[in-house]
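Chain by chain, the residues run as shown.
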Amino acid sequence: MVVVYRADTIDIMPARPEHILLVVEVVSPGSETTDRIVKAEQYARAGISYYWRVEQPPAGVPVVCTYVLDPATRTTVPVRSSRASSTLPHPSQSRSALLGCSDVCRALRY
């Protein structure tokens, strides 16, 4: 897991969920359900705005699925999937600038 903190909160301890800008989770063999579903739900309930999940297909280039928080429902909303070698959206981009999530991420999440 990689955690990116908001610059204005980097020195505040203890760190709190609202200090986190982005969480990047790498799906591990044996903990797929936890990595794909449980953790995403926990990050959303904590109010973390951006969540990226990295999937490693059995053969091929890793896939990065990006999600944003829907504050009204406190759930993550899929916005894009990209091969890891592609340029990924920066968390500060608006939701309208991002592409829709592909069937790859939908299939991997469930």
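Residues numbered from 1 in each chain as written. Predicted model: local features only at pLDDT ≥ 70, side-chain atom pairs only at ≥ 80, totals over all residues. Heavy atoms only, no water.

K.L.:
Which residues make up the nonpolar core, and what values go with them?
P.N.:
Within the largest apolar cluster, nine residues are counted, these being Ile20, Val23, Ala40, Tyr43, Ile48, Tyr51, Val63, Cys65 and Tyr67. Mapped onto this core, the elements with two or more residues apiece are strand 2 (20-26), helix 1 (32-46) and strand 4 (63-70). For this core, the element with the most residues is strand 4, which contributes three residues. Counting eight residues, the second largest nonpolar core, distinct from the first, contains Leu22, Trp52, Val54 and Val68. (Core = buried A, V, L, I, M, F, W, Y, C linked by side-chain atoms within 4.5 Å. Buried < 20%, exposed > 50% of the residue type's maximum accessible area, 1.4 Å probe, protein only. Helix = DSSP H or I, 4+ residues; strand = E, 2+ residues; numbered from the N terminus.)

K.L.:
Mind laying out the side chain of Arg53, listing which residues take part and the relevant values?
P.N.:
With respect to the helices, strands and loops of the structure, Arg53 is situated in strand 3 (residues 50-55). On the basis of relative accessible area, Arg53 is assigned to the buried category, the value being 0%. Among the polar contacts listed, one links the side chain of Arg53 to the side chain of Tyr67, at a separation of 2.7 Å. (Polar contact = N/O pair within 3.5 Å; in protein donor to acceptor, adjacent residues only side chain to side chain.)

K.L.:
Quick one: what's the story with a nonpolar patch on the surface, residue by residue and with numbers?
P.N.:
A contiguous nonpolar surface patch, about 360 Å² in accessible area, is contributed by Met1, Val3, Tyr5 and Ile10. Note on placement: Ile10 falls in the loop between strand 1 (2-5) and strand 2. By relative accessible area, Ile10 is classed as partly exposed at 47%. (Patch = residues over 30% accessible without salt bridge, like charges linked within 9 Å, V, L, I, M, F, W, Y side chains within 5 Å. Areas by Shrake-Rupley, 256 points an atom, 1.4 Å probe, with all protein chains shown as cover. Salt bridge = Lys/Arg side-chain N within 4 Å of Asp/Glu carboxyl O.)

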